[in-house]
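# Structure at a glance
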There are 2 protein chains.
Amino acid sequence: MWDLLLENIKRRDVHLSPDEIGVLQSLFTHKKFRKHQYILQEGEVSTHDNFIIKGLCRTYRVDEKGQEHILRFTPEEWWTGDLASFLSGKPSIYNVDCLEDTEVLRTSSADLEKLFESVPKMNKYFRLLYQKSIISYNLRLASNLSKSASERYEEFIQRYPDILQRVPNHQIASYLGITPQSLSRIRSQSQEKGR
Amino acid sequence: MWDLLLENIKRRDVHLSPDEIGVLQSLFTHKKFRKHQYILQEGEVSTHDNFIIKGLCRTYRVDEKGQEHILRFTPEEWWTGDLASFLSGKPSIYNVDCLEDTEVLRTSSADLEKLFESVPKMNKYFRLLYQKSIISYNLRLASNLSKSASERYEEFIQRYPDILQRVPNHQIASYLGITPQSLSRIRSQSQEKGR
DNA sequence: CGAAAATTTGACATGACTCAACTGGAGTGG
DNA sequence: CCACTCCAGTTGAGTCATGTCAAATTTTCG
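Presented here is a report on the structure given in the accompanying data block.

What counts as what
Residues numbered from 1 in each chain as written. Chains lettered and ligands numbered in written order. Predicted model: local features only at pLDDT ≥ 70, side-chain atom pairs only at ≥ 80, totals over all residues. Contact = placed C-beta atoms within 7 Å. Helix = DSSP H or I, 4+ residues; strand = E, 2+ residues; numbered from the N terminus. Nonpolar A, V, L, I, M, F, W, Y, C, P; charged D, E, K, R; others polar. Pairing = 2+ DSSP bridges. Axes fitted to C-alpha atoms, helices over the stretch in contact; angles between N-to-C directions. Near = placed C-beta within 6 Å.

### Focus: the interface of chain B and chain A
Each partner contributes to the interface: chain B provides 26 residues, whereas chain A provides 26 residues. A per-element tally of the side of chain B that touches chain A places helix α5 (residues 121–146) of chain B first, with 16 residues. Looking at the side of chain B that touches chain A residue by residue, the class counts come to 13 nonpolar, 9 polar and 4 charged.

In structure tokens form, the structure reads like this:
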């Protein structure tokens, strides 16, 4: 159960002693969610940061016109939650729900704070994690600014072939910021071109 | 000269001793750039992370069609550079240049690494910095996905009134992902409505 | 002052959206 | 096992926001 998380930490060059692993384990809890279940709903405060060890979630926002917009898909080995709400204690504007049965290891903000105090090198882990995240936000932003819908779809296929298999097309459309109809047309056109 | 940086660190609840401040100062250098000067050019490796103490920069990317797309404006008290290149040592795909005469305090990746080793609590500073950055990328992404050009312009005005004053409109258009012509029309329309 | 850059305006093109209808498969209950 | 419903996906027709191209006008600054 702990392998994925501990591996993930080690891969970032943060080496924990058995004691430190013990502390970490005491500050996380294991929780299961069903497909379609919410991990976080708009208006609630995000009380936990969740490391996914099985399953797949999505973070989305509902705009004034009632449209859903998917910000991210988070499969195994990713963290999910709403950082802004988690840190500030204010209600979230995002929803997080499960596209498959999902299991997470989660920690509350108080426990995470304790973790940083007793195992300061975890600051490094999260620093590196966030760095990676910023880098990918930059890429996505650049692609949103400069590319057409079909180019962004191609990019998505290249980058997340696994997720493509696991979620229905209308959710991919929402992630790309287009309508399901447009995605359908894009797909039929790129097939014509023999790919 | 050091005030802005030291204040910025303190504001994130990281308290440095005089010794630690000394270490920090020994690992940063002061550098001035002229308006229009590049801090980083596409194809170069980003060797430094720069904390701006005076002036204003922009980070942009040039796409295949030769179009510029501005990813961010960075005024005083912001960091600029290309994290991906800075960390990986690979050539950057971004350009960073100065929209005004600019002064920075900068550190190389080797020196930053030294800083983390001798003053581990700086991990916390950067962790918090990156958190904030991720939160704002999320907001921008959500707004890119769900809002029209004119709504995004209104949002920009609210959020960055100071930057609005300091940069020409065509650069704001590039940041918003629209053409200068479109921005001009948006502006004239919102004036008609008496604002 | 004069050249270069920024902004505005007009005419037209187009990518993506909306609304609506249709298809096809997955599940459900009689 | 069939009829029925539900949902995802597709397709068509018309609309709209934004882009493109071109030219005129205004501003900036050496």
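### Some points on the sheet that holds strand β4 (residues 56–62) of chain B
All names here are of chain B. Read across the open sheet, the 4 strands follow the order β2-β7-β4-β5; overall the sheet is antiparallel. Where the open sheet ends on each side, the last strands, each with one partner, are β2 (38–40) and β5 (68–75). Within this sheet the neighbouring strands show an average axis-to-axis angle of 30 degrees, counted without direction. Where β4 lies against strand β7 (residues 95–98), 4 bridges are found, and the strand directions are antiparallel.

### Considerations on the protein's contact with DNA strand D
Near DNA strand D you find 16 residues, and of these Asn169 and Ser184 of chain A together with Ser148, Ala149 and Ser182 of chain B are the closest. Broken down by secondary-structure element, the contributors of at least two residues to the surface near DNA strand D are α8 (169–176) and α9 (180–192) of chain A together with α6 (149–159) and α9 (180–192) of chain B. With 6 residues, the top contributor of residues to the surface near DNA strand D is α9 of chain A. When grouped by side-chain class, the residues that make up the surface near DNA strand D number 4 nonpolar, 10 polar and 2 charged.

### A closer look at the protein's contact with DNA strand C
The environment of DNA strand C is made up of 16 residues, and the closest members are Ala149 and Ser182 of chain A together with Asn169, His170 and Ser184 of chain B. At the level of secondary structure, the elements contributing two or more residues to the surface near DNA strand C comprise α6 (149–159) and α9 of chain A together with α8 (169–176) and α9 of chain B. Residue contributions to the surface near DNA strand C peak at 6 residues, all from α9 of chain B. Within the surface near DNA strand C, the residues separate by chemical class into 4 nonpolar, 10 polar and 2 charged.

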